Amino acid sequence: ADTPKEPIRTVRVATVTASDSVLQRRFTGRVDAISTVDLSFQVQGKLVKLFAQEGTLIPKGEVIAELDQNDYRLAVQQAKAQFNLAQLDLTRKRNLLKSGSLPKAMLDQAETNFKLRRVALETAQRNLSYTRIIAPFDALISDRLMDNYANVGAHQAIVRVQELTELRVRINIPENMVALLKQTAELKAEAVFKERPLQHFPLIYREHMTEAGSVAQTYEIVFGLSREHNQHVLPGMTVGVIISKKQAGATQAIAIRMTALDYDAQGSPRVWVFNPQTETVSPRKVTLGTVRKH
């Protein structure tokens, strides 16, 4: 009897091209401020003016909070009067010493008293200046810790501010990627926000931790993100971070689908290359690189 012919199996033929061999990984990062600090007065007193409204940006050099200054102004006036008196006394005793009618020890005592009064005046003036909290940078008020008319102590936190001249993006990488940190100049990092998936924002490497986290055994990398086009981004938000780096030792690679891989009898990976002139296929051994999801 005639044996039936085997049906000809069809395969999908795809044209592939060479490209730079790039290691690319995606992480979930967290947006942070450059610094977050609690501001406080260096003297105690009654809080009378608190200009800090949560969510507002206070320019550098502007007043954030102020204490009642009456007692500190009086202290400055008293110290200034005592300083002027000590200065007059010193001048008078110097003249008496020149005429020989005053012992040198009394002049020394007058000079010492003058120096002490000068220090007391400077201290009173400095304490008066401490009754104001001045924004040390363009500060975003993240939390108001006290209310007006409360009596506050020295070094008691009044407001929490964040410096946002540049945003910080923090990610954690596993141990097997620590080698990438040896050549940070070759790292390319981009930020992608969920609400703007088609826009990629460049990140600049700033620093990394050399001590692994105690729980996940990962290492933290910190990048800088410009606030331009990112005015709505605030600390605490999540962001996707794409890290890519050109692999050493391989200038070009060809990306193929996993289903195109085959293995010979020795277990070595290979692909089948189609020749359009002869309409035949032939095996070719390949070296596998990084598996990526598209």
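Everything in this summary refers to the structure shown in the same document.

What counts and how
- Residues numbered from 1 in each chain as written.
- Predicted model: local features only at pLDDT ≥ 70, side-chain atom pairs only at ≥ 80, totals over all residues.
- Heavy atoms only, no water.
- Patch = residues over 30% accessible without salt bridge, like charges linked within 9 Å, V, L, I, M, F, W, Y side chains within 5 Å.
- Areas by Shrake-Rupley, 256 points an atom, 1.4 Å probe, with all protein chains shown as cover.
- Salt bridge = Lys/Arg side-chain N within 4 Å of Asp/Glu carboxyl O.
- Buried < 20%, exposed > 50% of the residue type's maximum accessible area, 1.4 Å probe, protein only.
- Helix = DSSP H or I, 4+ residues; strand = E, 2+ residues; numbered from the N terminus.
- Pairing = 2+ DSSP bridges.
- Core = buried A, V, L, I, M, F, W, Y, C linked by side-chain atoms within 4.5 Å.
- Contact = heavy atoms within 4.5 Å.

Bringing a nonpolar patch on the surface into the picture now. Together, V11, V13, W272, F274 and V281 line one region of the surface with nonpolar side chains, adding up to about 510 Å² of accessible area. According to the relative accessible area criterion, W272 is partly exposed, its value standing at 41%.

This part takes up the pairing of strand β12 (residues 219-225). A large share of β12 lies buried, amounting to seven of its seven residues. Of the two faces of β12, both are covered, the one formed by Y219, I221, F223 and L225 as well as the one formed by E220, V222 and G224. The pairing of strand β9 (residues 157-173) with β12 spans seven bridges and is antiparallel. Paired with R170 across the strands is V222, a residue of β12.

Membership of the largest hydrophobic core comes to 26 residues, with the highest contact counts inside it found for I171, I173, L203 and I243. Within the residue set of this core, elements represented by two or more residues are β2 (22-40), β9, β10 (188-193), β11 (196-208), β12 and β13 (238-246). Per-element tally for this core: the top contributor is β9, with five residues. Other than its neighbours up to four places away in sequence, I173 contacts F27, V178, L181, T218, Y219 and I221. The next biggest cluster of nonpolar side chains, apart from the first, holds 21 residues, and it includes V43, A52, F137 and V161.

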